[in-house]
Amino acid sequence: MNAAEFGQIAVNAILLSGILALVALGFSLVWGIMNIVNLAHGAYVVLGAYFTFYLNELAGIDPFVSIPFSMVVLFILGFVVQKILINQVVRAPMLATFLLTFGLEILIVNLVNYFFKADLRSVTTRYSGTGWTLGVVRIPYIRLAALGIALVLVGLTAWFLRSSRAGRAIRATGMDIDAARLTGVKVGTIYALTYAIGASLAGAAGSLLSLIVPFDPNLGGAYTQRAFVISVLGGLGEVGNVLFGAVLYSFVDVFVGARLPALSQAFTFGALVILLVLRPQGIAGKKFYA
């Protein structure tokens, strides 16, 4: 591997890490606070991508401008889903939540397939394909903007969790649900808010991904897997851990994929298995079970 190739691969990994951090953040938040591995998370990413695609196709709205709308729609959907469905099994054994979220993922994917068909879609704008050349390294403007927006949203989420009253209530609920109740926290509402935030972050990630990769209704499963691996790598509990896990995953995925694309996923999940055996709490975080 020469210096030019190494530089391009490193830049690609950095550009990818921001979006993957955004994908994983909502997943990790729901897992860490509610102790639910949300298998429907990738389906929300897909919904965000389709929402941006049709706003651009039908109303001519720029994909980047559509991100707040996508987040609001997915926030409302997530809040309703948690209140009506997830809340019924939130304290049940993990297998019950696995089955419910898995069924929800299948339902969403099939509905999207029915209404929007299984054709590959992508969002193309007048600035698609443009980029900045730095020596032998090319940086697409869209990927650079997506990285910046993803990092801003990750930073705002971290600020919200640490500085706002609702954010502190979310963290307190995750740390000790009984103590949170004693201080007057309405746990049901906090759980619904947490799940809704997770869905809205997935929607934002889907909006960004629609500009970068072709998508269809079945894309979500791959990003649920990525979110799972990133959460395990970084550990649950802190936004910084998710960002660390996303950077680590991106570099492994891109570097291995550049040389051995057929073994990229096998290598990533093999490393995950070894990590779970040696350090169940992840490299930087807390354990993944109550």
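So, here's what we can say about the structure. (Residues numbered from 1 in each chain as written. Predicted model: local features only at pLDDT ≥ 70, side-chain atom pairs only at ≥ 80, totals over all residues. Heavy atoms only, no water.)

Here we look at the packing of helix α1 (residues 3-34) against helix α10 (residues 239-259)
How we decide: In this description, a line fitted to the C-alpha atoms serves as the axis of each element, helices being fitted only across the stretch in contact, and the angle between N-to-C directions of two axes falls anywhere from 0 to 180 degrees. Note on conventions: DSSP H or I runs of at least 4 residues are helices, E runs of at least 2 residues are strands, and numbering of each starts at the N terminus. Between 65 and 115 degrees an angle is taken as roughly perpendicular, under 35 as roughly parallel, over 145 as roughly antiparallel, and anywhere else as oblique. Left-handed describes a crossing in which the near helix is turned anticlockwise from the far one by less than a right angle; the clockwise case is right-handed. Charged residues are taken to be Asp, Glu, Lys and Arg, nonpolar residues to be Ala, Val, Leu, Ile, Met, Phe, Trp, Tyr, Cys and Pro, and polar residues to be all remaining types, Gly included.
Viewed as axis vectors pointing N to C, α1 and α10 meet at an angle of 140 degrees, and their least axial separation amounts to 7 Å. As far as their axial angle goes, α10 and α1 are oblique. The two elements α1 and α10 cross, and the hand of that crossing is right-handed. Among the residues forming the contact of α1 with α10, the class breakdown is 20 nonpolar, 4 polar and 3 charged.

A closer look at the pattern of salt bridges
Our working rule: Think of a salt bridge as a Lys or Arg side-chain nitrogen and an Asp or Glu carboxyl oxygen that are within 4 Å of each other.
With the rule as written, the count across this model stands at 1 salt bridge. For the salt bridge of Asp 178 with Arg 181, the shortest nitrogen-to-oxygen distance reads 3.8 Å. Taken as a pair, Asp 178 and Arg 181 lie in helix α7 (residues 177-182) at a separation of 3 residues, close to a single helical turn.

Brief notes about the packing of aromatic side chains
Centre-to-centre distance and the angle between the planes together describe a pair of aromatic rings. Selection rule: Aromatic rings from Phe, Tyr and Trp, with only the six-membered ring used for Trp, were paired whenever their centres fell within 6.5 Å, and each pair was classed as stacked if the ring planes differed by under 30 degrees, edge-to-face if by over 60, and tilted otherwise. Buried means the residue's accessible area, taken with a 1.4 Å probe over protein chains only, is under 20% of the maximum for its type, while exposed means over 50%, and partly exposed covers the values in between. Either the NZ atom of lysine or the CZ atom of arginine qualifies as a charge over a ring when it sits within 6 Å of the ring centre and within 35 degrees of the ring normal.
Going through the model one piece at a time under the given rule, you end up with 14 aromatic pairs. Where Phe 53 meets Tyr 54, the ring centres are 5.0 Å apart and the plane angle is 90 degrees; that geometry is what we call edge-to-face. With relative accessibility at 8%, the residue Phe 53 sits in the buried group. Owing to a relative accessible area of 23%, Tyr 54 belongs among the partly exposed residues under this scheme. Centre to centre, the rings of Phe 75 and Phe 79 are 6.4 Å apart; their planes meet at 25 degrees, and the pair counts as stacked. Taken together, the residues span about one helical turn, with Phe 75 and Phe 79 both in helix α3 (residues 67-84) at a distance of 4 residues. Through a chain of ring-to-ring contacts, three or more aromatic side chains come together here, namely Tyr 50, Phe 53, Tyr 54, Phe 116 and Phe 215. The residue whose ring lies beneath Lys 117 is Tyr 114, and the NZ or CZ to ring-centre distance is 5.8 Å. Between Arg 226 and the ring centre of Tyr 223, over which it is positioned, the NZ or CZ distance is 4.9 Å.

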